[in-house]
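If you want the building blocks of each chain, they are given just below.
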Amino acid sequence: MLLRGAKLGRPTGNVSSVNWGGWQIFSGLRSLLTSRSGVVSVKLKIEKMRVWLLLVLCLAGSATAAPTEEEEVFVEELLTEEPVVEEPEVGANPVQIEVGEFDEAIEIVEDDVVENACLDYHCKKGKVCELDESNTPMCVCQDATSCPPAEGEFEHVCGTDNKTYDTSCHFFATKCALEGTKKGHKLHLDYVGPCKFIEPCVDAELHEFPLRMRDWLKNVLVTLYERDMDNNLLTEKQKLRVKKIYENEKRLQAGEHSLDLLAHDFKKNYNMYIFPVHWQFGQLDQHPADGYLTHSELSPLRAPLIPMEHCTTRFFEECDADSDNYIALEEWAACFGVKEQDIDKELII
Ligand SMILES: [Ca+2]
Ligand SMILES: [Ca+2]
């Protein structure tokens, strides 16, 4: 299997034959999309797929659930088991909590309302809802010891303090406990998986990153378009844009391409890359959608990539050309080689 057997995303050897995670990520995404009705046979595959699941969620614009802040946007979805649809047992009433006398059922529902004032109360990651004396819900820091233990290494996360946390729950609980301190302010979820040595990214490798990333973004969009049907993976406006790319006969087909070819294609078919670069920015810029990416907003993209692609951190750091800790659309577009005159907020649809 490609994702397991292949070296994940670490550019190796000469630059023209580099085998990047970008394509492999895309393969993973594609295989995820195609395996919906198939049998997912290997647990390891599922584990790898968690990462791709994130990407599907992220790339398909699922970030509409309005989380408030921090990396929690993706981590929850990323580390969640494959979606499980809980179906009521045959014959069971999915609404009733208990089977009993009608009056009794009403009482249960009333109790339920009081007891569950926290139910619709959203707390950011690292916090849990508790009721005060007057039964008013409030968010308090979660005790890390109350977090469920990790089911495997894949649930570990590495913080920017270079410490491995058992799960994202442990990480955010720790961060919450440090709230208001300098240490807490600086602490972010760096990447998925246990902390490990990430080799420095040299200039030549850094140069490769946008080549592969752009191609990957284009391929992801085309795949989403192909798979869209009734899934609403793309909005109607997005579909119109991608349709043009999809139907363009000159499009470089998805596959493993040399960097030379990718560079050549970017020159030749430059216009095809403009929308995908804008689209990805729009997917990430959600909390808030203000034309700037924070570290947290970027996390859905960078955190799964870092362990596989050692230039990720440096690339996005350098993307922030003015070092204000925000990546503006202009900075983002420039990173991906989109010319200034082609940067267009209207493309974020
Ligand atoms: Ca933003
Ligand atoms: Ca900036």
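Conventions adopted
Residues numbered from 1 in each chain as written. Chains lettered and ligands numbered in written order. Predicted model: local features only at pLDDT ≥ 70, side-chain atom pairs only at ≥ 80, totals over all residues. Helix = DSSP H or I, 4+ residues; strand = E, 2+ residues; numbered from the N terminus. Contact = placed C-beta atoms within 7 Å. Pairing = 2+ DSSP bridges. Buried ≥ 20, exposed ≤ 12 C-beta atoms within 10 Å, placed from the backbone. Core = buried A, V, L, I, M, F, W, Y, C linked by C-beta atoms within 7 Å. Domains from an automatic or database assignment. Arc of directions from axis to C-beta. Axes fitted to C-alpha atoms, helices over the stretch in contact; angles between N-to-C directions. Parallel < 35°, antiparallel > 145°, perpendicular 65-115°, else oblique. Nonpolar A, V, L, I, M, F, W, Y, C, P; charged D, E, K, R; others polar. Left-handed = near helix turned anticlockwise from the far one by under 90°. pLDDT = per-residue confidence, 0-100.

J.: Before we move on, can you summarise the overall build of the protein with the specific residues and values?
T.: Helices and strands together make up the secondary structure of the protein, namely 14 helices and 7 strands. Taking all contacts inside the protein whose residues are at least 6 apart in sequence as the whole, residues at least 24 apart take part in 63%.

J.: How would you explain the sheet that holds strand β4 (residues 164–165) if you had to name every residue and give the values?
T.: Each strand in a sheet pairs with its neighbour through backbone hydrogen bonds, running either in the same direction (parallel) or in the opposite one (antiparallel). Read from one edge to the other, the open sheet built from 3 strands follows the order β4-β3-β5, with strand pairing classed as antiparallel. Only two strands of the sheet have a single partner each, and these edge strands are β4 and β5 (189–192). In this structure, strand β3 (residues 157–159) lies alongside β5, joined through 3 bridges in antiparallel fashion. Paired with Val 157 across the bridge in β5 is Val 192.

J.: Could you give an account of unusual backbone geometry, with specific residues and numbers?
T.: Residue Pro 288 follows His 287 across a cis peptide bond; omega there is 0°. Mapped onto the elements, Pro 288 comes out in the loop between α11 (270–284) and β6 (292–293). Look at Asn 162: it is not a glycine, yet its phi comes out positive at around 60°. Along the polypeptide, Asn 162 turns up in the loop between β3 and β4. By C-beta crowding, Asn 162 is classed as exposed, having 9 other C-beta atoms within 10 Å. Positive phi values are uncommon outside glycine, yet Asn 325 reaches one of about 75°.

J.: Account for the pairing of strand β2 (residues 137–141), with residues named and values stated.
T.: Judged from the 5 bridges that link them, strand β1 (residues 127–131) and β2 form a sheet pairing that is antiparallel. By the bridge assignment, Lys 127 is partnered in β2 with Cys 141. The hairpin formed by β1 and β2 contains 5 residues between the paired strands, and Asn 135 there has a positive phi angle of roughly 60°.

J.: An account of the nonpolar core is needed here, citing residue identities and associated values.
T.: One broad rule of soluble globular proteins: the nonpolar side chains tend to lie buried together. Core analysis: the biggest nonpolar cluster contains 51 residues, and Leu 221, Val 277, Trp 332 and Phe 336 have the highest contact counts within it. Two domains each donate at least three residues to this core, and these are domain 1 (127–192) and domain 2 (203–342).

J.: Describe helix α10 (residues 259–268), with residues and values.
T.: Buried residues of α10: Leu 259, Leu 262 and Asp 265, and no others. Looking down the long axis of α10, one finds its buried residues gathered within 125° of arc, a one-sided arrangement. Away from its buried face by more than 90 degrees, α10 exposes Asp 260, Lys 267 and Lys 268. Buried residues belonging to α10 abut α8 (203–228).

J.: So what about the packing of α8 against α11? Which residues, and what values?
T.: It is the contact of α8 with α11, at a shortest axis distance of 9 Å, that shows an interaxial angle of 85°. Put simply, α8 runs roughly perpendicular to α11. In contact with Arg 214, Leu 217, Lys 218 and Leu 221 of α8, α11 contributes Met 272, Tyr 273, Pro 276, Val 277, Trp 279 and Gln 280. Residues of the contact of α8 with α11, tallied by class, amount to 7 nonpolar, 1 polar and 2 charged.

J.: Please set out helix α13 (residues 312–319) residue by residue, giving values where relevant.
T.: Three- or four-residue spacings in an α-helix give side chains the same orientation, since the helix completes a turn every 3.6 residues. Along α13, the residues that are buried comprise Thr 312, Phe 315 and Phe 316. Taken around the axis of α13, the buried residues stretch over an arc of 90°, which confines them to a single face. Where α13 is buried, its residues meet α8, α12 (295–305) and β7 (327–328).

J.: Quick rundown of the environment of Phe 209? Include the residues and the values.
T.: Turning to its location among the elements, Phe 209 is positioned in helix α8. The class of Phe 209 is buried, set by 24 C-beta atoms lying within 10 Å. Counting along the chain gives 102 residues from Phe 209 to Cys 311, while the straight-line C-alpha distance between them is 7.1 Å. Beyond its immediate stretch of four places on either side in the chain, Phe 209 contacts Cys 311 and Phe 315.

J.: Can you explain the packing of α8 against α10? Please cite residues and give values.
T.: Interhelical geometry of α8 versus α10 gives an angle of 65° and a closest axis separation of 10 Å. Considered as vectors, α8 and α10 are oriented roughly perpendicular to each other. Of the two possible hands of crossing, α8 and α10 adopt the one that is left-handed. Seen from α8, the contacting residues are Glu 208, Leu 211, Arg 212, Arg 214 and Asp 215; seen from α10, they are Leu 259, Leu 262, Ala 263 and Phe 266. Across the contact of α8 with α10, the residue classes break down as 5 nonpolar, no polar and 4 charged.

J.: Lay out the confidence of the model for the protein with the relevant residues and their values.
T.: Here the protein shows a mean pLDDT of 73. Residues at 70 or above account for 67%. Averaged over each element, pLDDT in the protein is lowest for helix α1 (residues 2–5) (30) and highest for β4 (97).

J.: Explain the environment of Tyr 292 to me, using residue names and the numbers behind them.
T.: Locating Tyr 292 in the fold gives a position in strand β6. Along the primary structure Tyr 292 and Leu 329 are separated by 37 residues, whereas in three dimensions their C-alpha atoms are 6.4 Å apart. Sequence-distant contacts of Tyr 292, that is, excluding residues within four places in its chain, are made with Asp 285, Tyr 326, Ile 327 and Ala 328.

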